[in-house]
Amino acid sequence: MAGYVAYGDAAKFASIVDLLATIISILIGVSLAVIAVLTSPFSVSEKAAADADEAARITKLVQKDDETLASGQLMFFWIYFGALALALLFSWTTAGDATDYDQWHLKTLASVTAAIGVFAFMWSARLPLMLQKISSQRRTLG
């Protein structure tokens, strides 16, 4: 929907592309922070487990889950990065007063930038829940 609207009125989209780029820049930072937390060393304390063997087993499971989550988060980092690149490209190509927003390449770029940017923004709604679950898990097991 956002891509369709941006294609129809690229000039209006040009007025908010800087805001989109700012939001996506923040999401990139949050994504990198989540990846850093997930890839940091973690081990289950023996008081949270019955014995040392169970602690080692749980630690191994948590590390495997963290690796899976980190690789997924890395994929979304690249989506955020691509969305930011598109937003900056659109902003750069439309800089100036004499921009003709009816050119097909600007309309297409506006459409793709809006679609991917809104997708990235909407997908980021899951980040606080993910951070809360990781924090809760580490508090319980650590």
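Check the entry above for the structure.
Bear in mind the structure is a predicted one, so any value in this text is a computation, not a measurement.

**Student:** Tell me what's going on with the nonpolar core, and back it up with residues and numbers.
**Tutor:** In this structure, F13, I24, Y80 and F90 are the most contacted members of the largest nonpolar core, which totals 29 residues. Of all the secondary-structure elements, those providing two or more residues to this core are α2 (10-14), α3 (17-39), α4 (52-93), α5 (104-123) and α6 (127-141). With near-sequence residues (within four places) excluded, F13 lies in contact with A6, L20, F90, A110, T113 and A114. Formed by seven residues, the second largest nonpolar core is a distinct cluster that contains V44, A49, A55 and I58.

**Student:** Quick one: what's the story with the packing of α3 against α4, residue by residue and with numbers?
**Tutor:** Put simply, α3 and α4 touch, their axes get as near as 9 Å, and they point 160° apart. If you check the angle between α3 and α4, you find them roughly antiparallel. Of the two elements, α3 crosses α4, and the hand of that crossing is left-handed. In terms of residue class, the contact of α3 with α4 is built from 20 nonpolar, five polar and two charged.

**Student:** Lay out the packing of aromatic side chains in plain terms, naming residues and giving numbers.
**Tutor:** By the definition in use, this model includes seven aromatic pairs. Ring geometry for F77 versus W78: centroids 5.1 Å apart, planes at 75°, classification edge-to-face. What makes W78 exposed here is its relative accessible area of 51%. Each residue in the set F76, F119 and W123 is aromatic and connected to the rest through ring pairs, giving one cluster. Lying across the ring of Y7, K107 places its NZ or CZ 5.2 Å from the centre.

Rules used throughout
Residues numbered from 1 in each chain as written. Predicted model: local features only at pLDDT ≥ 70, side-chain atom pairs only at ≥ 80, totals over all residues. Heavy atoms only, no water. Core = buried A, V, L, I, M, F, W, Y, C linked by side-chain atoms within 4.5 Å. Buried < 20%, exposed > 50% of the residue type's maximum accessible area, 1.4 Å probe, protein only. Helix = DSSP H or I, 4+ residues; strand = E, 2+ residues; numbered from the N terminus. Contact = heavy atoms within 4.5 Å. Axes fitted to C-alpha atoms, helices over the stretch in contact; angles between N-to-C directions. Parallel < 35°, antiparallel > 145°, perpendicular 65-115°, else oblique. Left-handed = near helix turned anticlockwise from the far one by under 90°. Nonpolar A, V, L, I, M, F, W, Y, C, P; charged D, E, K, R; others polar. Phe/Tyr/Trp six-rings, centres within 6.5 Å; stacked < 30°, edge-to-face > 60°. Lys NZ or Arg CZ within 6 Å of the ring centre and 35° of its normal.

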